[in-house]
Amino acid sequence: MNAKQAAGYRAAELVRDGMIVGLGTGSTAYYAIEKIGQRVAEGLQIRAIATSNASEELAESYGIPLVPASEIHRLDLAIDGADEVDPGMALIKGGGGALLREKLVAMHSDRFIVIADSGKMVSQLGQFKLPIEVVPFSYEWTLGQLQRRYDVDFEMRTRDGELYVTDNGNYIVDAAFGKIESPAQLSHELKMITGVVDHGLFVDIADMVIVGYDDGATEVIEKKG
Ligand SMILES: O=C(CO)[C@H](O)[C@H](O)COP(=O)(O)O
């Protein structure tokens, strides 16, 4: 068992009958979905909301019943990966481009559980480029606003030579902050920029982090207070 699988499987054990469960996106969330799928095949009764088209397809392939977000007010639990996790459980997410739905699902869940291999644990956020989702209309203006405000490199995300388009039809700007001194302040500032839909800083949202190690061990870190 590898580190991502260990974390994903451990989180999947927290799912109980009757729950509405948020399914994350990425290679770590893959394992959580796989394990939840196995448990559904054994009789676990849940309904789920996926945070991306890819996770929706994966959940369907495992026979996990999905429910439209519009029919649900609140989720019991959401399980998702992260690109970086700091000691205060602030996160950078969105490496896989699903940050907007991931944040919506996390914020409407009673418990948000992050699953991460130990390499994701950092003393300060920012080495991983921060994904910022922007609307396509006049995205150059939004990019210009970001560039004037922050003296860091910004790069439009591409795929196969074209601008990368999220599941929500938006673009992503990746920002090389290097070190983020105050994730909460930056989070607030970025949300104030017209044209920015959302960004990959998740501050004060995670309730628990399950860290997976290469030997298959896991460590559970719970939110303080
Ligand atoms: O935020 C995400 C996708 O938008 C992922 O959770 C994050 O990129 C971690 O991915 P992985 O588990 O593949 O390392």
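Remember, predicted model here, so these are calculated numbers, not experimental data.

Reading the values: the criteria
- Residues numbered from 1 in each chain as written.
- Predicted model: local features only at pLDDT ≥ 70, side-chain atom pairs only at ≥ 80, totals over all residues.
- Heavy atoms only, no water.
- Buried < 20%, exposed > 50% of the residue type's maximum accessible area, 1.4 Å probe, protein only.
- Helix = DSSP H or I, 4+ residues; strand = E, 2+ residues; numbered from the N terminus.
- Pairing = 2+ DSSP bridges.
- Near = heavy atom within 4 Å.
- Polar contact = N/O pair within 3.5 Å; in protein donor to acceptor, adjacent residues only side chain to side chain.
- Nonpolar A, V, L, I, M, F, W, Y, C, P; charged D, E, K, R; others polar.

**Student:** Lay out the pairing of strand S14 (residues 208–212) in plain terms, naming residues and giving numbers.
**Tutor:** Most of S14 sits inside the fold, with five of its five residues counted as buried. Here S14 shows no split at all, with Met 208, Ile 210 and Gly 212 on one side and Val 209 and Val 211 on the other all buried. Looking at chain direction, strand S6 (residues 109–117) and S14 are connected through five bridges and run parallel. Following the sheet pairing, Ala 116 is matched in S14 by Val 211. Of the pairings in the sheet, the one linking S14 to strand S15 (residues 218–222) comprises five bridges and is antiparallel in character. Each bridged residue has a counterpart across the sheet, and for Ile 210 the counterpart in S15 is Val 220. Between S14 and S15, which pair antiparallel one after the other, the connecting turn spans five residues, and Gly 216 there sits at a positive phi close to 90 degrees.

**Student:** Kindly report on the site of the ligand, identifying the contributing residues and their values.
**Tutor:** Within the structure, the ligand sits among 17 residues, and Ser 27, Thr 28, Asp 83, Gly 94 and Lys 120 are positioned closest to it. Here an oxygen atom of the ligand sits 3.5 Å away from a polar atom, N or O, in the side chain of Asp 80. Taking Glu 102, its side chain carries an N or O atom lying 3.0 Å from an oxygen atom of the ligand. In terms of residue class, the shell around the ligand is made up of two nonpolar, nine polar and six charged.

Any functional reading would require information beyond the geometric quantities listed.
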